Amino acid sequence: MCRSSASARLTLVSLMLIALFVISCSQPVANKNAENKNTPANGKTPADAKPMGSVAPGYFSAGPHGNVSLSFAAPENEKSLTGNAVNPIFNITGYPIYKDEERNKGQHIHVILDNEPYEADYQPTQPFKPESGRFENLKEGTHTLRAFPSREWHESIKQEDGANFAFLTFYVNAKTPNVTVDKTKPLLTYSRPKGEYRFKDDPRGLMLDFYVTNARISANDYKVQYSINGSRPQIVTRWEPVWIKWEELPPGEYKVVLDLVDKNNKPVPFMVGHLDYNHTERTFKVLADSEKFSSGH
Ligand SMILES: [Cu+2]
């Protein structure tokens, strides 16, 4: 009798311990799922977001609220990673980041490894692992990450003081010998166009967009030069997106070349090893109504 009640008590205590263990283990998972729902709550457009109306049908815009600041919480600047994948985490203030699950659109951060096409991060406080796998299996040596916030339609938020532009250097295993990254030099960061577009999907045209740091863009200072499919180079004298008319972009494949140039239209390089970040070549595609987007779009 006594023995059986003791063993019953023991069973009860073990059951309670198991229950406690299950609760304590399951709680972080539950929290993580809640966080994955997105910011702000529940993957919705913020209440104060304004519809763009006929200018850009289907899009909303929220903020900025004062000056925007963006920085990396991870990885650490000028440190080696443990492993060969980078999963950046951000601190951002002054600009709402969200994804509206119903519209499948939202404000996000463009994250650029080295001088590759950007990846869109809609959850900046979580380690970012783009589906493309672009941030994995990195080559040994010196790499950079750049980031800036963007609108639902992928236009960068431009801020002259550059406080919303984050830029860091990191290493896989070790530094590449003789490669230095001078973050004080004039820098042109390519953003758009990227990938595939539906012909006439935006009444404004097709957006060419970029971020400029440590340089003023004007008619008698630094300028941005672009050329599409080898056409005569166009000079941009204002830090604003260029909306290219659809009439100039019938369905097909295109190559765009973007350069930072000085007041004499001479290219200004930003060298990281053998890569010139101020000279970017990209292909994009304009699809006819009958064509399907390829997977990964
Ligand atoms: Cu974007």
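The structure presented is a predicted model; accordingly, all values stated were derived computationally and were not measured.

Undergrad: How should the packing of aromatic side chains be read in this particular structure?
TA: The geometry of two aromatic rings is summed up by the distance between their centres and the angle between their planes. What the rule picks out here adds up to 13 aromatic pairs. Measuring from centroid to centroid gives 4.9 Å for Phe165 and Tyr211, while their planes differ by 20°, and the two rings are stacked. Pair noted here: Phe165 is in the loop between strand E8 (141-150) and strand E9 (166-172) and Tyr211 is in strand E12 (residues 206-213), with a separation of 46 residues, a long-range link. Of the two residues examined, Phe165 and Tyr211, each falls in the buried class. Through a chain of ring-to-ring contacts, the aromatic side chains of Phe148, Phe165, Phe167, Tyr211, Trp239, Phe270 and Tyr277 assemble into a single cluster. In this structure, Lys99 is placed above the aromatic ring of Tyr122, and the distance from its NZ or CZ to the ring centre is 4.5 Å. Taking NZ or CZ as reference, Arg204 lies 4.9 Å from the ring centre of Trp153, over its face.

Undergrad: Would you explain the coordination of the copper ion in this entry?
TA: Ideal values for angles at a metal depend on the geometry: 109.5 degrees with four tetrahedral donors, 90 or 180 degrees with six octahedral donors. Distances from the copper ion to its protein donors, His108 (NE2), His110 (NE2) and His154 (ND1), fall at 1.9 Å. Of note, the copper ion draws all its donor residues from one chain, in the sequence arrangement H-x1-H-x43-H. On the criterion of sequence distance, the pair formed by His108 in strand E6 (residues 108-113) and His154 in the loop between E8 and E9 is long-range, its members being 46 residues apart. Comparing His108 with His154, the two get one shared label, buried.

Undergrad: Is there a simple way to think about the sheet that holds strand E14 (residues 234-236) in this case?
TA: Pairing between the strands of a sheet is mediated by backbone hydrogen bonds and can be parallel or antiparallel. Judged by pairing direction, the sheet is mixed, and its five strands sit side by side in the order E11-E19-E16-E13-E14 without closing on themselves. Sheet topology places strand E11 (195-198) and E14 at the edges, where each strand pairs with a single neighbour. Adjacent strand axes in the sheet meet at a mean angle of 30°, parallel and antiparallel pairs treated alike. Where strand E13 (residues 223-228) lies against strand E16 (residues 252-261), six bridges are found, and the strand directions are antiparallel. Directly across from Val224, in E16, lies its bridge partner Leu260.

Undergrad: Whenever I open this one, the pattern of salt bridges confuses me. Can you help?
TA: Pairs can form between side chains of opposite charge once their charged atoms are near each other. Following the criterion strictly, the structure yields nine salt bridges and no others. Among the salt bridges present, the one from Glu76 reaches Lys79, with a minimum N-O distance of 3.2 Å. A residue is classified by how much of its surface remains accessible, and Lys79, at 41% relative accessible area, is partly exposed. A salt bridge links Arg103 to Glu152; the nearest nitrogen and oxygen atoms lie 2.7 Å apart. You can see Arg103 sitting in the loop between strand E5 (89-93) and E6 and its partner Glu152 sitting in the loop between E8 and E9, a full 49 residues away along the chain.

Undergrad: Looking at this model, I keep getting lost on the confidence of the model for the protein chain. Mind explaining?
TA: On average, the protein chain scores 90 in pLDDT, and the residues at 70 or more come to 85%. Segment residues 20-39: pLDDT under 50, and 18 contacts once partners within four positions in sequence are set aside and those in other chains are kept.

Undergrad: For this particular structure, what's the right way to read the environment of Gly273?
TA: Examined against the element boundaries, Gly273 turns out to sit in the loop between strand E17 (271-272) and strand E18 (275-276). Note: C-alpha distance between Gly273 and Val179 (94 residues apart in sequence) is 5.3 Å.

Undergrad: Teacher, can you tell me more about the side chain of Arg282 here?
TA: Among the secondary structure elements, Arg282 is positioned in strand E19 (residues 279-287). Among buried charged residues, Arg282 stands out as having no salt bridge; its nearest opposite-charge side chain is Glu116, 7.7 Å away. Engagement of the side chain of Arg282 in a polar contact is seen with the backbone oxygen of Asn115, the distance being 2.7 Å. If we skip the residues at most four places from it in the chain, Arg282 touches Asn115, Glu116, Pro117, Tyr190, Tyr254, Lys255 and Val256.

About the cut-offs
Residues numbered from 1 in each chain as written. Predicted model: local features only at pLDDT ≥ 70, side-chain atom pairs only at ≥ 80, totals over all residues. Heavy atoms only, no water. Phe/Tyr/Trp six-rings, centres within 6.5 Å; stacked < 30°, edge-to-face > 60°. Helix = DSSP H or I, 4+ residues; strand = E, 2+ residues; numbered from the N terminus. Buried < 20%, exposed > 50% of the residue type's maximum accessible area, 1.4 Å probe, protein only. Lys NZ or Arg CZ within 6 Å of the ring centre and 35° of its normal. Donors = N, O, S within 2.8 Å, 3.2 Å for Na, K, Ca; no water. Pairing = 2+ DSSP bridges. Axes fitted to C-alpha atoms, helices over the stretch in contact; angles between N-to-C directions. Salt bridge = Lys/Arg side-chain N within 4 Å of Asp/Glu carboxyl O. pLDDT = per-residue confidence, 0-100. Contact = heavy atoms within 4.5 Å. Lys, Arg positive; Asp, Glu negative; His and termini not counted. Polar contact = N/O pair within 3.5 Å; in protein donor to acceptor, adjacent residues only side chain to side chain.

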